[in-house]
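# Observations on chain architecture
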Number of protein chains: 4
Amino acid sequence: MKDRIVLAYSGGLDASVAIPRLSERLGAEVVAVAVDVGRGGASLDAVRERALGCGAVEAEVVDAREEFASEYCFPAVAANSLGMDRPLASALLGPLIAEHLAAAATRHGATAVGHGWAGRGRDRVRFEAGLAALAPDLEIVAPVPETGWTRDKAVAFAEERGLPIDAAAESPCPADRDPRGRAAEHGPREDRWNGSFEDLFSRTGNPAEDLDPDEVAVTFDGGRPVALDGETKTPRELVDDLDRRAGAQGVGRTGAASDRPAGLQGREAGESPAGIALTTAHMALESVTLEREQARFKRTVDRRWSEAVYDGLWFSPLKNSLEAFIDETQGRVTGEVRLTLHRGRIAVTGRRSEEDLYDSAFAACGGDHSFDRPDARAFAGR
Amino acid sequence: MKDRIVLAYSGGLDASVAIPRLSERLGAEVVAVAVDVGRGGASLDAVRERALGCGAVEAEVVDAREEFASEYCFPAVAANSLGMDRPLASALLGPLIAEHLAAAATRHGATAVGHGWAGRGRDRVRFEAGLAALAPDLEIVAPVPETGWTRDKAVAFAEERGLPIDAAAESPCPADRDPRGRAAEHGPREDRWNGSFEDLFSRTGNPAEDLDPDEVAVTFDGGRPVALDGETKTPRELVDDLDRRAGAQGVGRTGAASDRPAGLQGREAGESPAGIALTTAHMALESVTLEREQARFKRTVDRRWSEAVYDGLWFSPLKNSLEAFIDETQGRVTGEVRLTLHRGRIAVTGRRSEEDLYDSAFAACGGDHSFDRPDARAFAGR
Amino acid sequence: MKDRIVLAYSGGLDASVAIPRLSERLGAEVVAVAVDVGRGGASLDAVRERALGCGAVEAEVVDAREEFASEYCFPAVAANSLGMDRPLASALLGPLIAEHLAAAATRHGATAVGHGWAGRGRDRVRFEAGLAALAPDLEIVAPVPETGWTRDKAVAFAEERGLPIDAAAESPCPADRDPRGRAAEHGPREDRWNGSFEDLFSRTGNPAEDLDPDEVAVTFDGGRPVALDGETKTPRELVDDLDRRAGAQGVGRTGAASDRPAGLQGREAGESPAGIALTTAHMALESVTLEREQARFKRTVDRRWSEAVYDGLWFSPLKNSLEAFIDETQGRVTGEVRLTLHRGRIAVTGRRSEEDLYDSAFAACGGDHSFDRPDARAFAGR
Amino acid sequence: MKDRIVLAYSGGLDASVAIPRLSERLGAEVVAVAVDVGRGGASLDAVRERALGCGAVEAEVVDAREEFASEYCFPAVAANSLGMDRPLASALLGPLIAEHLAAAATRHGATAVGHGWAGRGRDRVRFEAGLAALAPDLEIVAPVPETGWTRDKAVAFAEERGLPIDAAAESPCPADRDPRGRAAEHGPREDRWNGSFEDLFSRTGNPAEDLDPDEVAVTFDGGRPVALDGETKTPRELVDDLDRRAGAQGVGRTGAASDRPAGLQGREAGESPAGIALTTAHMALESVTLEREQARFKRTVDRRWSEAVYDGLWFSPLKNSLEAFIDETQGRVTGEVRLTLHRGRIAVTGRRSEEDLYDSAFAACGGDHSFDRPDARAFAGR
């Protein structure tokens, strides 16, 4: 029986072309595995069909939508790591896909994992680092030599073979939908000065459009978002709703990526409406519930968490211990934050928490007009 | 001859009442010294008149407007410390006033320095820490016992003495104009949920108003802002113009102070239009000019700089050495950043720099589609 | 019925004199509470007698020996915080005593806590910070005004009253036995150059003496020492035995305190034989069991833990979250370390652990001659 | 004319064998360049002869002894980075050799740089990183495929070709003399428990030997060592003398490397007598001359400096800015420290400095018996 390869499949051009190329190069059967994180795009049936049409012996779509929100996005919110100058949610996709491809390899008895990323982009690095951590014995095969194919060459190959691909199609593949991935194709440095951004955005509306403000109250329980406007939701529902509402107001764009590789691209079009909204609300709640020295050190921990995830260390001892610190602090991060979303602007217009330090502050300061946050001594009892 | 006290004078109620109270309590002559940082308010002549009318033997207004922008605000921009969750510019006023009161004490042969801050607010702490550092021999006298007067009691005293004060008046006193100082009077915790903020703002317009977008290009030279829209300006001119333009668009408000004491007040109304605009632009420029590991550690240094300044350590060995690190990094932070200011929203819509790492990135990566910022090795030569 | 005060009692001069002075000044009954951390000194009965002889209405000695080793020293070892340039074990005594005095206050229905520390030494600060955290409602009374009594004045007062004190006596009071406390009396700066240290040490022998080497194997389980030379011991037994063996070899002295206040004294005589030996062994074991990036960040966490404890934040949210990080890392710090103790020298001469990264290293590096510690990817699976 | 390669030549086996192998494989002329850092070994003439005997067209020995001490070791002392759990001085050799090979390549018109390191050891990584930073256009050629030759195979090749090598000989090659390099050959993990270390040491005497104590006073000026026992010396003289004196007492060994790769070897034999002695003295002087918060943050900077150097980032923007911080702090690190070196033990037995904070401490604390280091406010004036 032939060897089997599980392929991280997006339905996109590179991944589709990879199916015949890998099976021919390695004389192996290709099982296409698409991981659905709920970003829409082509219908999942279409994706499955396309994979089979390209020669996959099997094709499956894994529903990771709740898991993505709950196990990947929410920890990033607790680490305040989806804000303006942090990696966007797309940085979380590599390890998620790696996790499911490793599981699929076992399920299908595959000895290797393939993917369609050309070049050495960060998403590929994170995916491969995740696999190395979870399944060090699996071989990782890229469809193309490092030197890579141009998009044209891939299109030509697809047409010559009559592959059912649609180069232009939106796809559910996270890597393809990584705003940075897209932005990366927008060329030379000059564009960073002259280029218009509007055409790069797909999940956020134009902030210049005329809309009435939208107010949304986010409820946190132990640092995790649990409700919108008082209505309990599953993680996926909550992220989707907020993505929609913040996106509609043009909230969640970032053109000022700081230590993200996007910082080096021609033009950037970072989009993370729910991510930025939840992080803004979370930081506002921490500011009234965490003791100052703890809050200060948490910034150092948060920052290291972001760097580690950015570097592909999602599955690592470092990240585990950073999260132990973060989790210990989140018990008191319980309460409600009101955000005003309006034409690209996000403002915190209300917060309330049983854990609010406000009263303690006065207790600790003899009731004078101290504006200072009470220091550690005021909380040790808690 | 009688002892002399120099009084940090704001023209406000507490400071005005302090003149007769201090001179009576200590049997000393009071010299009123107002430090003008260019925030408008009552005319400087009016301030001088009021001080004399309250019994000061002398009254002077020190023009610190260029110094405030150049020596206080710009270093904070280089440290990325005027952003959304950092202390606002008002945190820089304590040490500036301390510096000038220490000088005035020498000029007037005073043996003590007085001020009008009641309570133990952070502004007072920074002012007193600055004095202790610069002139440890000067006695510091507060007009009132720690237990403080209520505002009503002060007003009554002023009326009884017929002091020419106007409790409602705007004043040039930075402390009085510290948004946190004002916000602090807005009472109980509930207000943090229900209160409207609009009435608390004085330097930013209502973001909900209908306006056309404003685009402004900020030029940095070695990390310092030097021009707007290509026109060279003095630090003060640059800060004032940008304060006006960003403020007009409702940009520069913060209701989500993080480790600022404001986080504990009934309602916050942080305003720092130029501060937030310059920091946003500066971070965007650093993101394309600083090598990654250097940029990462600079975040730790920036954060510590903010904490030190917040804690009143403006004049300290720690801050001096943190700034040596920061200054060493800023040589390459030269270029131009375009900001779009629109109805409360600030977006980076363009940047260009001779120091842009973009090309090096490709050189370092063999021209493949690497989205990654080139690592340290790519720059050592520079 | 009269008010009651619980007094942190050491049997030393200051604490003994404090009994009559406090009861007279406050017209209250004094209950003397000594906390025994197992440092020997005067017999506990003698201490009890002395307290009653000085006028205490009750006197009790609390046995905190196991707790001190287990709940105070071992967490410090896990944080690598008892090493050469870190606070010595005596820094842990303030919070321990505070904990027991707070409990005693409840037990005896006391409304205040007294102590014998004059001045503003760090030990006093830690004690008072601990009380403020655990029992904010208890009043803290120092026996003397800040300006303090000289030792002579205290002796005179004791003789005049016929108090049964012996100024020279050793005592079980940690504060009195804090080497820094003692060293602090050794005067002017010049002594730091010329003074001989030998007379300052009481727990370490003279390293110049001729002795055969002593080899001791310390077994750690999850970062906690559990056995010496393969023999299981209680925390107290283990610390006492190692204190004796390392001390006999003159190991555990420090004359190079770095950020400890002792750094400012005329002469320092830091002693912590078991503390330094356990920390040396613990660091050696971590170096072969923790992944590199995790080990690196742990140094930052360890350092902050030391600073927080030094600053008196033993009972604080910050320390709780730092320990969550540390605890998460300690699971793999299991194994055995052999130390050679010889005439003031301590050397790690052997280690073994099931968690040793050595083999993984080769696995991760394709078996080449890499000397490098394997990076995070090699462990994520664990 | 044939291409030219400059070869980092040590006189050792691998480097000697590399000469014919590289010239044959690449059809190029090999210029052997040995960098003398003053660690003795074979005579420099012998090294030159051997290179020519192995077929080098030219051979030269660069005297980098003063530079190594002054520009590499002393900055590491200022960063407190040669201590017990930090990389030893050998970590500094890679960049130094890279610097001189890059210069030699220009001098000899070479297009490539060769070296004799097999495997992927850290020394090789640092050397190659340094070259990439200083001369990105130079090709780097290893004599052997990554899979490497065994030592036996190399010896056989040498004998077959009649190369004048002496596998056993000491050599001036830093890489060969890197204790870690040597230790790395000492095999399996068990040895870390059972192996004796004595045979691994070459620069330190046996601490168990009977010797009288040696006292040495080190004078620092602005953080740099300038004299021993009051006698001014050049950096090289000072390091050599101290290496000899500390080494004679068996001081400077480390068997407890923490985040060094050695942590993974069968047995470690780190030796850095002068490095550990100077770092111990330097830390002791910093402890009485640096303000506390500055000293605390410097630990974070020191640590990052060590990590960066360990990682091969000697020539990097990060290191440059870390050193700007360090240099700013060193101005006050001026004074004299007395060390007692005795049978493996190093103790600080005296220090004096005009910058001693001791008096300021009292000034800052109202003269009470505060043991606390005065905080920042006490120094700002300086």
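Chain A appears in an unreviewed UniProt entry as Argininosuccinate synthase from Salininema proteolyticum. What UniProt records for chain A under Subcellular location (unreviewed entry) is the sentence "Cytoplasm". According to the UniProt record, the Sequence similarities (unreviewed entry) comment for chain A is "Belongs to the argininosuccinate synthase family. Type 1 subfamily."

Moving on, we come to the packing of helix H12 (residues 292–310) of chain A against helix H13 (residues 317–330) of chain A. All names here are of chain A. At a minimum axis separation of 10 Å, H12 and H13 run at an interaxial angle of 145°. In the crossing of H12 with H13, the sense of the turn from one axis to the other is left-handed. Counting all contacts with H12, which are made through Gln 294, Phe 297, Lys 298, Val 301, Asp 302, Arg 304, Trp 305, Ala 308 and Val 309, the residues of H13 involved are Leu 318, Lys 319, Leu 322, Glu 323, Phe 325, Ile 326, Glu 328, Thr 329 and Gln 330. Tallied by class, residues from the contact of H12 with H13 come to nine nonpolar, three polar and six charged.

Here the focus is the pattern of salt bridges. Pairs may arise between side chains of opposite charge once their charged atoms sit close together. Per the counting criterion, the structure on display carries 103 salt bridges over all chains. Where Glu 293 of chain B meets Arg 292 of chain B, a salt bridge forms, and the shortest distance between an N and an O atom there is 4.0 Å. Both residues of the pair, Glu 293 of chain B and Arg 292 of chain B, count as buried. It is possible to trace a salt-bridge network through shared partners that takes in Arg 292, Glu 293 and Arg 296 of chain A, Asp 311 of chain B together with Arg 304 and Glu 307 of chain C.

A word on the sheet that holds strand S5 (residues 139–141) of chain D. All names here are of chain D. If you walk across this open sheet you meet the five strands as S3-S2-S1-S4-S5, and the pairing is parallel. Each edge of the sheet is formed by a strand with only one pairing partner; in this case those strands are strand S3 (58–63) and S5. Direction aside, the axes of adjacent strands within the sheet are offset by 25° on average.

Moving on, we get to unusual backbone geometry. Despite not being glycine, Arg 343 of chain A shows a phi value in the positive range, around 45°. The residue Arg 343 of chain A is located in the loop between strand S11 (335–342) and strand S12 (345–352) in this model. On the accessibility criterion, Arg 343 of chain A (4% relative accessible area) is buried. If you check the backbone angles, Asn 80 of chain B has positive phi at about 50° while not being a glycine. Residue Asn 80 of chain B is classed as buried on the basis of its relative accessible area of 3%.

Here the focus is the UniProt feature "binding site: ATP" (unreviewed entry) in chain A. All names here are of chain A. The UniProt feature table records "binding site: ATP" (unreviewed entry) at Ala 8, Tyr 9, Ser 10, Gly 11, Gly 12, Leu 13, Asp 14, Ala 15, Ser 16 and Gly 116. The greatest C-alpha distance among the annotated residues, which extend across 109 residues, is 12.6 Å, indicating that they converge on a single site. With relative accessibility at 3%, the residue Gly 11 sits in the buried group. Position of Ala 15 relative to the elements: it lies in helix H1 (residues 13–26).

Below, the discussion takes up the packing of aromatic side chains. For the structure on display, the rule yields twelve aromatic pairs over all chains. Ring centres of Tyr 72 of chain D and Trp 314 of chain D lie 4.6 Å apart, and the angle between their planes is 10°; on these two criteria the pair is classed as stacked. Taken together, the residues span a long stretch of sequence, with Tyr 72 of chain D in helix H3 (residues 65–78) and Trp 314 of chain D in the loop between helix H12 (292–310) and helix H13 (317–330) at a distance of 242 residues. A relative accessible area of 6% places Trp 314 of chain D in the buried class. Aromatic ring contacts, followed pair by pair, group Tyr 72, Trp 305 and Trp 314 of chain A into a single cluster. Cation over ring: Lys 319 of chain A sits above Trp 314 of chain A, and NZ or CZ is 3.8 Å from the ring centre.

Further remarks concern the confidence of the model for chain A. Residue and element names in this part refer to chain A. This prediction gives chain A a mean pLDDT of 79; 74% of its residues lie at or above 70. Low pLDDT (under 50) marks residues 169–188, which in the prediction has 65 contacts with non-local residues, meaning those over four places away or in another chain. Note on residues 256–267: pLDDT under 50 across the span, and 69 contacts to partners over four residues away in sequence or across chains. Scored by ipTM, the complex comes to 0.85, with pTM at 0.88.

On to the packing of helix H3 (residues 65–78) of chain B against helix H11 (residues 273–289) of chain B. All names here are of chain B. Contact geometry of H3 with H11 gives a least axis separation of 9 Å together with a crossing angle of 40°. The pairing of H3 with H11 is recorded here as oblique in orientation. Like other packed secondary-structure pairs, H3 and H11 cross with a definite hand, here right-handed. On H11, the residues that touch Phe 74, Val 77 and Ala 78 of H3 are Leu 278, Thr 279, His 282 and Glu 286. Across the contact of H3 with H11, the residue classes break down as four nonpolar, two polar and one charged.

Take H12 of chain D next. Residues and elements named next belong to chain D. Taking 1.5 Å of rise per residue, 19 residues should cover 27 Å, and H12 covers 27 Å from first to last C-alpha, within 8% of that figure. A large share of H12 lies buried, amounting to 18 of its 19 residues. Near the N-terminus of H12, the side chain that reaches the backbone nitrogen of Glu 293, with its oxygen 2.7 Å away, is that of Glu 291. Note on H12: the residue one or two positions beyond its end, Gly 312, has a positive phi of about 95°.

Residue and element names in this part refer to chain D. Relative to the helices and strands, Glu 323 is located in helix H13. Within the structure, Glu 323 has its side chain in polar contact with the side chain of Trp 305 (distance 2.9 Å). Not counting residues within four places of it along the chain, the set of residues in contact with Glu 323 comprises Pro 75 and Trp 305.

This part covers the environment of Glu 99 of chain D. Of note, Glu 99 of chain D is situated in helix H4 (residues 93–107). Among all residues touching Glu 99 of chain D, those that are not within four sequence positions of it are Glu 67, Tyr 72, Leu 134 and Phe 315 of chain D.

Residue and element names in this part refer to chain C. Across the sheet, which stays open at both edges, the five strands sit in the order S3-S2-S1-S4-S5 with parallel pairing between neighbours. Because the sheet does not close on itself, it has two edges, and the strands there are strand S3 (58–63) and strand S5 (139–141). Averaged over all pairs of adjacent strands, the angle between their axes in this sheet comes to 25°, without regard to strand direction. Examined bridge by bridge, strand S4 (residues 112–114) and S5 share three bridges and lie parallel to one another. The residue bridging Val 113 from the neighbouring strand is Ile 140, located in S5. Relative to strand S1 (residues 4–8), helix H1 (residues 13–26) is tilted by about 160°, and along the sheet it contacts S1, strand S2 (29–36), S4 and S5.

With that settled, the discussion passes to the pairing of strand S1 (residues 4–8) of chain A. Residues and elements named next belong to chain A. With five of five residues buried, S1 lies mostly within the body of the structure. Judged by which residues are buried, S1 turns out to be covered on both faces: Arg 4, Val 6 and Ala 8 on one side and Ile 5 and Leu 7 on the other are all buried. Bridge analysis of S1 against strand S2 (residues 29–36) gives five bridges, and the strand direction is parallel. Note that in S2 the partner of Leu 7 across the bridge is Ala 32.

Along the polypeptide, Gly 344 of chain C turns up in the loop between strand S11 (335–342) and strand S12 (345–352). The exposure class assigned to Gly 344 of chain C is buried, which follows from its relative accessible area of 18%. Residues Gly 344 of chain C and Ala 208 of chain C, spaced 136 residues apart in sequence, show a C-alpha to C-alpha distance of 7.7 Å. Sequence-distant contacts of Gly 344 of chain C, defined by excluding residues within four places in its chain, comprise Pro 207, Gln 249, Gly 250 and Val 251 of chain C together with Arg 345 of chain D.

Quick notes on the rules
- Residues numbered from 1 in each chain as written.
- Chains lettered and ligands numbered in written order.
- Predicted model: local features only at pLDDT ≥ 70, side-chain atom pairs only at ≥ 80, totals over all residues.
- Heavy atoms only, no water.
- UniProt positions renumbered as here; feature names shortened; annotations may be inferred.
- Axes fitted to C-alpha atoms, helices over the stretch in contact; angles between N-to-C directions.
- Helix = DSSP H or I, 4+ residues; strand = E, 2+ residues; numbered from the N terminus.
- Left-handed = near helix turned anticlockwise from the far one by under 90°.
- Contact = heavy atoms within 4.5 Å.
- Nonpolar A, V, L, I, M, F, W, Y, C, P; charged D, E, K, R; others polar.
- Salt bridge = Lys/Arg side-chain N within 4 Å of Asp/Glu carboxyl O.
- Buried < 20%, exposed > 50% of the residue type's maximum accessible area, 1.4 Å probe, protein only.
- Pairing = 2+ DSSP bridges.
- Phe/Tyr/Trp six-rings, centres within 6.5 Å; stacked < 30°, edge-to-face > 60°.
- Lys NZ or Arg CZ within 6 Å of the ring centre and 35° of its normal.
- pLDDT = per-residue confidence, 0-100.
- Parallel < 35°, antiparallel > 145°, perpendicular 65-115°, else oblique.
- Expected span 1.5 Å × (residues − 1).
- Polar contact = N/O pair within 3.5 Å; in protein donor to acceptor, adjacent residues only side chain to side chain.

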